[in-house]
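Spelled out from the first residue to the last, the chains are:
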Amino acid sequence: AEGTECALGRWCQEGECVPITSVSPINGNWGDWSEFSECSLPCGGGVSRSKRQCDNPSPRNGDRYCLGERIRYKSCNTHSCPKEKDVRAEQCAAFNGKTFNIPGINSNVVWKPEYNGILEHERCRLYCTDSISGKSFMLQERVIDGTPCSSDSFDVCVNGNCLVSSNFISKF
């Protein structure tokens, strides 16, 4: 493995066992930001992301990796959705007919979004209720970026975390 000791006073560099003093360390520097991605939602405030790599140059010979943000986010499609459109409801509906082998769930299951009783640190997980039994289950670890954290909030989920809307562009 790159940078590991392969013999006394020697380390592995680019596939060779060389003296530690024979190579110069190179700090990593950030490359350019990518274009922002497509918006995650068609309305109601989606999220777009831009990334950069630590490759201008990449760190070498045991020197340091780039510091700072690798991904940045921005709000997009902030116009209101039609009243009948509920982003969380659409995400639950995508699982209609899927039982996930949960005992007692009918194969004709219709999933509805669950908004009540969700712990604060789980607001960006997709909880849905079986419309027949009324039982709620987590169907997905993360909702789509830009999904409101709750039905009564302007805060949105980004990368599985609830971000306060006033601090939207964030570092992850």
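Presented here is an overview of the structure given in this document.

Calculation rules
Residues numbered from 1 in each chain as written. Predicted model: local features only at pLDDT ≥ 70, side-chain atom pairs only at ≥ 80, totals over all residues. Heavy atoms only, no water. Helix = DSSP H or I, 4+ residues; strand = E, 2+ residues; numbered from the N terminus. Buried < 20%, exposed > 50% of the residue type's maximum accessible area, 1.4 Å probe, protein only. Contact = heavy atoms within 4.5 Å. Salt bridge = Lys/Arg side-chain N within 4 Å of Asp/Glu carboxyl O. Disulfide = S-S within 2.5 Å. Polar contact = N/O pair within 3.5 Å; in protein donor to acceptor, adjacent residues only side chain to side chain. Pairing = 2+ DSSP bridges. Axes fitted to C-alpha atoms, helices over the stretch in contact; angles between N-to-C directions. Phe/Tyr/Trp six-rings, centres within 6.5 Å; stacked < 30°, edge-to-face > 60°. Lys NZ or Arg CZ within 6 Å of the ring centre and 35° of its normal.

### Here we look at the environment of W30
- Checked against the element boundaries, W30 lands in the loop between β3 (16–19) and β4 (46–51).
- The exposure class assigned to W30 is buried, which follows from its relative accessible area of 17%.
- Separated by 59 residues in the primary sequence, W30 and A89 place their C-alpha atoms 39 Å from one another.
- Leaving out residues up to four positions away in the same chain, W30 has contacts with R52, Q53, C54, N56, C66, L67, G68, E69 and R70.

### Looking at the pattern of salt bridges
- Applying the stated criterion across every chain, the model contains 3 salt bridges.
- Salt-bridge contacts for E122 lead to R125; the nearest nitrogen and oxygen are separated by 3.0 Å.
- Close ionic contact of E141 with R125 constitutes a salt bridge, the shortest N to O distance being 3.7 Å. Residue E141 is found in the loop between β8 (136–140) and β9 (156–158), and its partner R125 is found in the loop between β6 (111–113) and β7 (126–130); the two are separated by 16 residues along the sequence.
- Residue R125 is classed as partly exposed on the basis of its relative accessible area, which comes to 27%.

### Thoughts on the side chain of Q91
- Following the sequence through the fold, Q91 ends up in helix α1 (residues 87–93).
- Filtering out sequence-adjacent residues up to four positions away, Q91 remains in contact with L126, Q140, V143, I144 and T147.

### A short note on the state of the cysteines
- Following the criterion strictly, the structure yields 7 disulfides and no others.
- Across the disulfide from C6 sits C17; the S-S distance is 2.0 Å. Between C6 and C17 the disulfide shows an S-S torsion of about 95 degrees. By sign, it is right-handed. Here C17 lies in strand β3 and C6 lies in strand β1 (residues 5–7), a separation of 11 residues in the sequence.
- Judged by its relative accessible area of 37%, C6 falls in the partly exposed class.
- In this structure C17 comes out as partly exposed when scored by relative accessible area, which is 31%.
- With no disulfide of its own, C12 has C6 as its nearest cysteine by sulfur position, at a separation of 5.8 Å.

### Topic: the side chain of S48
- One can find S48 in strand β4.
- On the accessibility criterion, S48 (2% relative accessible area) is buried.
- At 2.4 Å, the side chain of S48 forms a polar contact with the backbone oxygen of S37.
- The residues touching S48, leaving out its near neighbours within four places in the chain, are F36, S37, E38, R72, Y73, K74 and C76.

### Quick notes on the sheet that holds β1
- Pairing in this open sheet of 3 strands is antiparallel, and the strands run β1-β2-β3 from one edge to the other. In this open sheet, the two strands that pair with only one neighbour each are β1 and β3. Pairs of neighbouring strands in the sheet enclose a mean axial angle of 50 degrees, with direction left out of account.

### A short note on the environment of C124
- Position of C124 relative to the elements: it lies in the loop between β6 and β7.
- Through-space distance from the C-alpha of C124 to that of C162 is 6.4 Å; in sequence the pair is 38 residues apart.
- Leave out the neighbours within four places in its chain, and C124 touches E141, R142, V143, C149, C157, G160, N161 and C162.

### Re the packing of aromatic side chains
- Per the stated rule, a full pass over the model turns up 4 aromatic pairs.
- With centroids separated by 6.4 Å and ring planes inclined at 80 degrees, the aromatic side chains of W30 and Y65 adopt a geometry described as edge-to-face. Taken together, the positions of W30 in the loop between β3 and β4 and Y65 in the loop between β4 and β5 (71–76) put the pair 35 residues apart, joining distant regions of the chain.
- An aromatic cluster is present here, built from F95, F100, W111 and F137 joined pairwise through their rings.
- In this arrangement the basic side chain of K74 is found over the ring face of F36, its NZ or CZ atom lying 4.4 Å from the centre.

Nothing here speaks to function; it is all geometry.
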